[in-house]
There are 2 protein chains.
Amino acid sequence: MERIRTDQVTSHVGERVKLAGWMHNWRDMGKFGFLVLRDGAGTFQAVFDKPAEMEKLQGLQYESVLELEGVVAEEPRAPAGAELRDCEVRVISPVLEPLPFEINKKELKPGLDIFLNHAPLGLRHLEKRALFRISAGSATESGANVFQIDYCGRPAYVAQSPQFYKQIMVGVFERVFEIGPVFRAEKHSTSRHTNEYVSLDFEMGFIKDHTDVMAMLTEVMRHMFDRLTNERARELERLKMHVPTVGDSIPSFRLLGAQQLIFERYGEDCRGEPDLAPQHEAWLCEYAEQELGSELLFITHYPTSKRPFYTMPDEEDPSLSKGFDLLFRGCEIVTGGQRIHSFQQLHDNAIKWGINPEDIDGYLQAFRYGMPPHGGCAIGLERLVMQLAGLGNLRESTLFPRDLDRVSP
Amino acid sequence: MERIRTDQVTSHVGERVKLAGWMHNWRDMGKFGFLVLRDGAGTFQAVFDKPAEMEKLQGLQYESVLELEGVVAEEPRAPAGAELRDCEVRVISPVLEPLPFEINKKELKPGLDIFLNHAPLGLRHLEKRALFRISAGSATESGANVFQIDYCGRPAYVAQSPQFYKQIMVGVFERVFEIGPVFRAEKHSTSRHTNEYVSLDFEMGFIKDHTDVMAMLTEVMRHMFDRLTNERARELERLKMHVPTVGDSIPSFRLLGAQQLIFERYGEDCRGEPDLAPQHEAWLCEYAEQELGSELLFITHYPTSKRPFYTMPDEEDPSLSKGFDLLFRGCEIVTGGQRIHSFQQLHDNAIKWGINPEDIDGYLQAFRYGMPPHGGCAIGLERLVMQLAGLGNLRESTLFPRDLDRVSP
């Protein structure tokens, strides 16, 4: 059954529906109980009366992530005028630790400082959430190859990517996007890298796996290309730029299958290598265009060890990841995948990747308090334009490129 | 006469019109000459045959900024199917130095490195301009209270504002906006300041003076407030947030007049002080709301010495600037004004303000090669939301606030 969102429920009276979200409130009345489920759209009330189902909620803290099935019934006393009955529940991400403060009351009690210390949780409060549907923001992150700044006497880092923060915000809104500059201290100079670029990021919760992200990205690419074609016709003509059409789906290969194809078609044996070289990407795109009629191509299942620590391993072979790259005319322009949503798995992975969990405590907080299966990706704006315009160097599609040698104008 | 843009000319056949833009090309045939004028919309051909008018173009380099009046005539041989005849010209910003390379040919000759060294000029090439109508970007700037980063062994700075770059881009597109994070190393902790905020910036060329910017900002505020009211009704209700209506114009006071008003109405004599204290801003907004029915209020003509070196002084009294602040419910949320567009004036002002012109060479380049009268402003997103929601601290309207004490989560 397809999951629907809480704001769609009332148009399904009499039907059995599936919801998913956070355990916002639970009142156990003995023989029955009222659950309030919160998702990105709002909240909805569900009535439990089967002891076996009520049992499953025992010991769970608020903010646990649940999947819920039930029959929609009109009920004038319920806040939405309807409620879910005959409920069955499945626990997706249990929260076992008590929350540092209540977030399901009308007022948020803690002072500003305590709130800010626990922003990944506190932002889920309905009033905070409403406020940041009106505003928006960005933030900095530490990591590898970052620029260090002297931050009032302490070290801090310029945003390398909005990754951590967009995942935190999945816990608040389910779906988020960000467009902003990111900075990489690249120690080498290549035609595909600069030190500052614009990253088009999105992240979405309650996914089945990485293919949901790939399907969404396919829509996004189609939408961008259509708007370019319709709204920038004059510029496209001046630049003699050909914008591809995106079909219903973009062809997809596993890395190993792609390497096998290169071996068979081009004679080079790169099977088992952890990544594709630029020449390999060029061959694969040539194949996709000639044989599959697509200028875009997904490559999935890169080795888990070569992807970031938060990448979800494939259940069937955990040495392979549920991550993907999108290639376009011979160059990778997007990286994405499903992320780990279990606190324990993420915590243990950080250690395995040599990251001290204390250094990413703010990020891990979101996972301590219930995160749904989620994933997302980041499109490199200048790379996309470089490939669209057929330019040979990323510096040509970057407004004011920054690299080893250039910091002005 | 109102200036029109080059893409509007052909609908005025037979009429006398006014254009303004850059001297893109000039062919002097002796008894007559062909001028190609470029503006943000495109290019247009004008025929000169009066010796006195042709004389004015003598010695001018391409990229000089011109205002042009003439009669629109159909002419099948002209690129647009029409041309301007019986022309009179006014030189707004003369360029006297030869350009480092030609930007009015189909191909841009210089290599990537030379191009990037002269990006403020080179980006005006029609093909480059088309490319960056498709992409977009951002950049860093140095200045006071900036965060210094170790940039591959050299010092560099995190963006304090996109000011220099949006001015450069006025030379390319006439009108630009940017939404992005900016960073200030605030050494003090106040409820109105954080170290990172989102700046909503715009900048526009070919203005009469700062009042054109104020009129545009009035439209922008009205548009934002209308969209909030229409598209975020649920969130506004949850937050009990009242969104003001913006009238045809927002009341405006000169600083000295505002100080006089405070003296007369509230008894405090701050006349002649270079800036308003928070209490003064609160009083002025109270007055504007009670007596003028507006929750928004412009203050103009702050002392030139207290504004940035690029602020245009008032011709009648150069000790006062053509800058403005916009106050909203007792707090400044926007700063803007007309900027200096003459290279010499800007260069000399930099020295007067203690800035070494060599340190801002990339920025000054744009002015060396012809800049029109222009101005713009920057809206502080979190301040705007703080005032809209009636919050007491900027940290409450900032998603992940950064200050002296807080760098995570």
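Keep in mind it's a predicted model, so treat the numbers as computed, not measured.

Cut-offs applied
- Residues numbered from 1 in each chain as written.
- Chains lettered and ligands numbered in written order.
- Predicted model: local features only at pLDDT ≥ 70, side-chain atom pairs only at ≥ 80, totals over all residues.
- Heavy atoms only, no water.
- Helix = DSSP H or I, 4+ residues; strand = E, 2+ residues; numbered from the N terminus.
- Rg over C-alpha atoms; globule rule 2.2 N^0.38 Å.
- Buried < 20%, exposed > 50% of the residue type's maximum accessible area, 1.4 Å probe, protein only.
- Contact = heavy atoms within 4.5 Å.
- Areas by Shrake-Rupley, 256 points an atom, 1.4 Å probe, with all protein chains shown as cover.
- Domains from an automatic or database assignment.
- Buried area = accessible area lost by both parts, 1.4 Å probe.
- Salt bridge = Lys/Arg side-chain N within 4 Å of Asp/Glu carboxyl O.
- Polar contact = N/O pair within 3.5 Å; in protein donor to acceptor, adjacent residues only side chain to side chain.
- Nonpolar A, V, L, I, M, F, W, Y, C, P; charged D, E, K, R; others polar.
- Pairing = 2+ DSSP bridges.
- Axes fitted to C-alpha atoms, helices over the stretch in contact; angles between N-to-C directions.
- pLDDT = per-residue confidence, 0-100.
- Phe/Tyr/Trp six-rings, centres within 6.5 Å; stacked < 30°, edge-to-face > 60°.

1. Quick word on the overall build of chain A
In step 1: Secondary structure assignment for chain A yields 12 helices and 14 strands.
In step 2: Computed over its C-alpha atoms, the radius of gyration of chain A comes to 23 Å, within 12% of the 22 Å expected for a compact globule of 409 residues.
In step 3: Summarising its shape, the C-alpha atoms of chain A cover approximately 70 × 55 × 45 Å along the three principal directions.
In step 4: In chain A, buried positions account for 57% of the 409 residues.
In step 5: In chain A, the share of contacts with a sequence separation of at least 24, taken over all contacts with a separation of at least 6, comes to 62%.
In step 6: For chain A, the exposed area adds up to about 17600 Å²; of that, 50% sits on carbon and sulfur atoms.

2. Re the domain arrangement of chain A
All names here are of chain A.
In step 1: For chain A, the domain assignment lists domain 1 (6-93) and domain 2 (148-397).
In step 2: Each of domain 1 and domain 2 has a C-alpha centre, and the two are 35 Å apart.
In step 3: Opposite the 10 residues of domain 1 that make contact, domain 2 presents 11 residues.
In step 4: Taken together, both faces of the contact between domain 1 and domain 2 bury some 740 Å²; the carbon and sulfur share is 62%.
In step 5: Its largest share of buried area at the contact with domain 2, domain 1 owes to Trp-22, Gly-40 and Ser-93, together 53% of the area lost on that side.
In step 6: The interface formed by domain 1 and domain 2 holds zero salt bridges in total.
In step 7: Inspection of the region where domain 1 meets domain 2 yields three residue pairs in polar contact (both at pLDDT 80 or more).
In step 8: Those elements that place two or more of their residues in the side of domain 1 that touches domain 2 are strand 1 (16-28) and strand 5 (82-93).
In step 9: The residue inventory of the side of domain 1 that touches domain 2, partitioned by class, reads four nonpolar, three polar and three charged.

3. Concerning the sheet that holds strand 9 (residues 196-205) of chain A
Residue and element names in this part refer to chain A.
In step 1: Across the sheet, seven strands lie side by side as 8-9-14-13-12-11-10; this open sheet has mixed pairing. Pairing within the sheet leaves two strands with one partner each, and these edge strands are strand 8 (175-183) and strand 10 (252-254). Sheet twist, expressed as the mean angle between neighbouring strand axes with direction ignored, is 20°.
In step 2: Pairing of strand 8 with strand 9, which is carried by nine bridges, proceeds in the antiparallel orientation. What sits directly across from Glu-178, in strand 9, is Asp-201.
In step 3: Along the sheet, helix 12 (residues 381-389) makes contact with strand 9, strand 12 (323-328), strand 13 (331-339) and strand 14 (374-380), crossing strand 13 at roughly 140°.

4. Thoughts on the pattern of salt bridges
In step 1: On inspection of all chains with the given rule, the structure shows 62 salt bridges over all chains.
In step 2: For Lys-50 of chain B, the salt bridge is made with Glu-88 of chain B, and the minimal N-O distance between the two is 3.6 Å. Of this pair, Lys-50 of chain B sits in the loop between strand 3 (43-48) and helix 1 (51-56) while Glu-88 of chain B sits in strand 5 (residues 82-93); the two residues are 38 residues apart in sequence, bridging distant segments of the chain.
In step 3: Owing to a relative accessible area of 28%, Lys-50 of chain B belongs among the partly exposed residues under this scheme.
In step 4: If you follow the salt bridges from partner to partner, you end up with Arg-16, Lys-50, Glu-69, Asp-86 and Glu-88 of chain A in one network.

5. Side note on the confidence of the model for chain A
Residues and elements named next belong to chain A.
In step 1: On average, residues of chain A carry a pLDDT of 90, and 93% of them reach 70 or more.
In step 2: Of the regions scoring below 50 in pLDDT, residues 137-144 engages in 30 contacts with residues more than four places distant in sequence or in other chains.
In step 3: For this predicted complex, the interface confidence reaches an ipTM of 0.82, while the overall pTM sits at 0.86.

6. Let's talk about the packing of aromatic side chains
Residues and elements named next belong to chain A.
In step 1: Tallying each qualifying case throughout the model produces 28 aromatic pairs over all chains.
In step 2: Seen from their ring centres, Phe-32 and Phe-34 are 5.8 Å apart, and the 90° between their planes marks the pair as edge-to-face.
In step 3: Ring geometry for Tyr-363 versus Phe-367: centroids 5.1 Å apart, planes at 70°, classification edge-to-face. Here Tyr-363 and its partner Phe-367 are both found in helix 11 (residues 361-368), four residues apart, which amounts to about one turn of the helix.

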